[in-house]
Number of protein chains: 4
Amino acid sequence: MANFKGHALPGSFFLIIGVWWSVKFPLKHFHQKGKKNRLSQKQQRVEIIEAAVRIFCCVIGFLAEQLVRDGPFFHLYQDDHWVKMMNWQHSTMYLFFGISGIIDMLTYLFTHIVPLGVDRLVMCMSILNEGFLFYYHVHNRPPLDQHIHTLLVFIAFGGSITTFLEVLHRDNIVLELLRTSLAILQGSWFWQIGFVLFPPFGTVEWDQKDEHNIMFITMCFSWHCVAALFIVAINYMLVYCFLARSKKQEQGEIIGIQKLKSDYTDQTALLSSSDEE
Amino acid sequence: MANFKGHALPGSFFLIIGVWWSVKFPLKHFHQKGKKNRLSQKQQRVEIIEAAVRIFCCVIGFLAEQLVRDGPFFHLYQDDHWVKMMNWQHSTMYLFFGISGIIDMLTYLFTHIVPLGVDRLVMCMSILNEGFLFYYHVHNRPPLDQHIHTLLVFIAFGGSITTFLEVLHRDNIVLELLRTSLAILQGSWFWQIGFVLFPPFGTVEWDQKDEHNIMFITMCFSWHCVAALFIVAINYMLVYCFLARSKKQEQGEIIGIQKLKSDYTDQTALLSSSDEE
Amino acid sequence: MANFKGHALPGSFFLIIGVWWSVKFPLKHFHQKGKKNRLSQKQQRVEIIEAAVRIFCCVIGFLAEQLVRDGPFFHLYQDDHWVKMMNWQHSTMYLFFGISGIIDMLTYLFTHIVPLGVDRLVMCMSILNEGFLFYYHVHNRPPLDQHIHTLLVFIAFGGSITTFLEVLHRDNIVLELLRTSLAILQGSWFWQIGFVLFPPFGTVEWDQKDEHNIMFITMCFSWHCVAALFIVAINYMLVYCFLARSKKQEQGEIIGIQKLKSDYTDQTALLSSSDEE
Amino acid sequence: MANFKGHALPGSFFLIIGVWWSVKFPLKHFHQKGKKNRLSQKQQRVEIIEAAVRIFCCVIGFLAEQLVRDGPFFHLYQDDHWVKMMNWQHSTMYLFFGISGIIDMLTYLFTHIVPLGVDRLVMCMSILNEGFLFYYHVHNRPPLDQHIHTLLVFIAFGGSITTFLEVLHRDNIVLELLRTSLAILQGSWFWQIGFVLFPPFGTVEWDQKDEHNIMFITMCFSWHCVAALFIVAINYMLVYCFLARSKKQEQGEIIGIQKLKSDYTDQTALLSSSDEE
């Protein structure tokens, strides 16, 4: 959908996933520190729910692209013409991300069957597919449109490489945080594209051929990058503080209980000693 | 051979190899699980047969390119002109894949001489060579022809990188499945090229300059990708189910035999006890 | 700042960092040899100081770009125009390198919280960001200007890849020395750009379209490369000699003390033996 | 030197190095099999000699480029013009390869000082430098000239990546054999360039714009590739056979000696037993 909503929808999906990951991965990191265990039952359930949500988002996206007012309504070829190729391409992206979600779910449902890393591989391929489709998406467009979409392709290829590296270096927190940042970056960049190409609140349109606009967008990309890193860093710290605090409270309670216990022991000791007197 | 058959032949070769791999690698994966052994005698024999079949396919391909009706018949330079460069280039591709087959065979025949990984390296080079030749193949062609061949080059480079990674990360099931998917993808894409550029059943020709055709082909590539993943996943599951079932049957028989044995022991115990009475 | 100083300032920063690294990494290498220990308290303090210096440099660079005579003075958009995009882009580079410095500092201040490798990742991203901004910086310029900046982009991408590899292969002295060389190379190349595009001492301007100038600059880049390697090699040897010498002196003193001790023992032995007589 | 000799000289250097490596690496591989030892004194001496020969070759190449009849004779800038940039660029290549040789020598002379992998890194940089200079070498040339040099750039980048991988995966025989093949390929391709661009024996010149010539050269590159692999494979087998045979002979002698010994023991036993009678 070549309008503001068509960019806000995937942007929101990526932002939600990215922010969620920026909480999940630090949590997993601090939990697993020291122990080289497999996932706990609880973590497994979380992963399956995440995969289900991702599949659900993709189904929504897919249907939105097909059933929007000027969409193809599942018609591919009509009257000697391909119908609404744009929408079909976007649907294909959602389809691929949906498959990635399904494979993720299978990986955590049947851990002893599906080989570890296949989930990351299919995720890598679905991001690569997105980059690939966008790459051939942007020809014959005005310079600013082309430029702003090209940067999206960069994010996609970066995310794809990162996810592929996770096939070989699984559970590397640094790679996971990088993937998280790229997901947030992609989400916020989708919103940026929407705001630039289809100004939503009746603001003036951007001159798509102005060299200065392109220069600003290039720099703006760096700022989005910084912002994504910042969000991930903040969430990482929040998770750490939350865990440290709850650990302290827990220990506090244990100490309290131990104190009660020892008081009780002392008292009974006193009593028994008084009895003995 | 710039016709339908010239694309259907390599397409079929790649499809056969790909589907075979999608059975072989899961089988190997489930067999080797847990044990870090070298290949068994049986597996070695299977690998040698595979290599032999691959060499055979390459010989057929090579001869077909040379001896087809308008082929070069092994003439390279005649009357101050290079003869049938296209066919020669295709022959060279088959030649390189044949060499890869020979090296594979040598690797499994003389395991203690040929260093592990050389087979993957030569396979990587033969795929790279294919991509390289196709890359310089597509200049000065109509846009759709160029585009559809470029996508083939992508598959080749992807396959080449994957196979090279296997030099360093041998027996990684995820990389092997990726290679398998890429082989199937390449096979099905060769067929797709044949259908698009040389419609076989008298259907209308594709307009090679229509932007919408190019957009559809781009998306179609993603679908082939999904289909290749799907085939690999299905075969993987089938192999798992087959192995799980045959294991159960085997155990069933063993239990049956044990039951027979224990029944017999019980009976003899009974008899002996009755004797004692 | 499109003038000599605007290139000399970052050039000097990179040179200083590079030369410092060419001392730091060999020192660390020879100290840690054999032992696989974590950083000592002293090394940690050095790292924190380095990070502080880097942040300080970035603040200076940032402010210089903003507050220079024809700078934007923190105005981004004025009178329907983007203000001084060039300076803003340079500021963005300094900003990103500053963030890298902050992350480095946090990594060494809170070693048990920040996961190892995040510092390298953010450094990688800040170098990548530099390369990215320069890449879109050089369009629509005369050939020599474009060429000489493109080579800077190469250094940036090379440095970025190297630093990313350090995420996965931390404390690899070869990668660290490579990064060091690239930092020095970048520093000296910034100076070279300044000298070529804005000859400072009233020398004649370079013809920016002359093919021979471009050929010389290409070769000159190789020479800078050689020079960078040379500086790193020299400093590496100096550090080794310094350490070897101070070790010898130390051992010499110990031997001296031991000699004094043994002399003393001999004397007392003599005395006691004479007493016994 | 833009003539036949100017390509035959580096071609021969690369061929010699390549063929030597195709003997050295298999020898090392079979010697080190099983044992994870450091280099023996003998191997170290061989490496130092190799480095010396490489430095010597580079000095010859450097001087040849400078002192050839129409060379620059060490003049860089004269009469407001750069002197003979081509020759200077070639000299720079030789210089870089010479530095790689020096670092190699230092690595094997001072094994406890120079960190392992620096030799490979500098070799990687010298090959990268060659590719880089050739890349900017080929603009504004006829298509065939450009194409045939571009392929050289590919070899250089391939060799550079391979050598860099050896920094991280040292003593990997597969990577070493790949590097060997690429060295031979580069050598033979230099000769090919010489034969195509400067036909030495008075044969007709190649039409540098003919599409068919370019197609043949592309394919010819694949054949050179095959040939390089073939040479490496043959030498690998020869080394294996030589080692196997000399081992057998050795063992034969030992068995012979043991037989003599046991015969002697038997005889003396006989004698002593006869004495005892």
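Residues numbered from 1 in each chain as written. Chains lettered and ligands numbered in written order. Predicted model: local features only at pLDDT ≥ 70, side-chain atom pairs only at ≥ 80, totals over all residues. Heavy atoms only, no water.

The name given to chain A in an unreviewed UniProt entry is Transmembrane protein 45B, with the source organism recorded as Dipodomys ordii. According to the UniProt record, the Sequence similarities (unreviewed entry) comment for chain A reads "Belongs to the TMEM45 family." Listed under Subcellular location (unreviewed entry) in UniProt, the entry text for chain A is "Membrane". (UniProt positions renumbered as here; feature names shortened; annotations may be inferred.)

S.K.: I'd love a proper account of the interface of chain D and chain C, names of residues and values included.
M.R.: Taken together, the contact pairs 27 residues of chain D with 32 residues of chain C. Between chain D and chain C, the buried area comes to about 2600 Å², and carbon and sulfur atoms account for 80% of it. For the chain D face of the interface with chain C, the top three residues by lost area are Trp82(D), Ile113(D) and Tyr136(D), together amounting to 23%. At the boundary of chain D and chain C, one finds 5 residue pairs in polar contact (both at pLDDT 80 or more). Examining the composition of the side of chain D that touches chain C, we find that 8 residues originate from one element, helix α3 (residues 85-109) of chain D, more than from any other. Split into classes, the residues belonging to the side of chain D that touches chain C amount to 21 nonpolar, 6 polar and no charged. (Contact = heavy atoms within 4.5 Å. Buried area = accessible area lost by both parts, 1.4 Å probe. Polar contact = N/O pair within 3.5 Å; in protein donor to acceptor, adjacent residues only side chain to side chain. Helix = DSSP H or I, 4+ residues; strand = E, 2+ residues; numbered from the N terminus. Nonpolar A, V, L, I, M, F, W, Y, C, P; charged D, E, K, R; others polar.)

S.K.: So what's going on with the relation of the copies chain D and chain C? Which residues, and what values?
M.R.: Least-squares fitting of chain D to chain C yields an RMSD of 0.0 Å, with the superposition described by an axial translation of 0.0 Å and a rotation of 90 degrees. As the rotation angle and translation indicate, the two copies are arranged about a four-fold axis. (Least-squares fit on C-alpha atoms with pLDDT ≥ 70 in both.)

S.K.: Hey, could you go over the environment of Trp88(D) for me, with residue numbers and the actual values?
M.R.: Relative to the elements of secondary structure, Trp88(D) occurs in helix α3. The class of Trp88(D) is buried, set by a relative accessible area of 10%. With 36 residues separating them along the chain, Trp88(D) and Ala52(D) place their C-alpha atoms 23 Å apart. The residues touching Trp88(D), leaving out its near neighbours within four places in the chain, are Met219(C), Trp223(C), Gln66(D), Pro72(D), Phe74(D), His75(D), Leu76(D) and Val83(D). (Buried < 20%, exposed > 50% of the residue type's maximum accessible area, 1.4 Å probe, protein only.)

S.K.: Before we move on, could you go through the interface of chain D and chain B and cite the residues and values that matter?
M.R.: Listed per partner, the contact involves 32 residues of chain D and 27 residues of chain B. Summed over both partners, the interface of chain D with chain B comes to about 2600 Å²; 80% of that surface belongs to carbon and sulfur atoms. Looking at the side of chain D facing chain B, the largest losses of area belong to Val174(D), Met215(D) and Met219(D), adding up to 21% of the total buried there. At the boundary of chain D and chain B, one finds 0 salt bridges. On the surface where chain D and chain B come into contact, there are 5 residue pairs in polar contact (both at pLDDT 80 or more). Those elements giving two or more residues to the side of chain D that touches chain B turn out to be α1 (4-32), α5 (143-168), α6 (173-197) and α7 (211-276) of chain D. Taken together, the residues of the side of chain D that touches chain B break down into 21 nonpolar, 9 polar and 2 charged. (Salt bridge = Lys/Arg side-chain N within 4 Å of Asp/Glu carboxyl O.)

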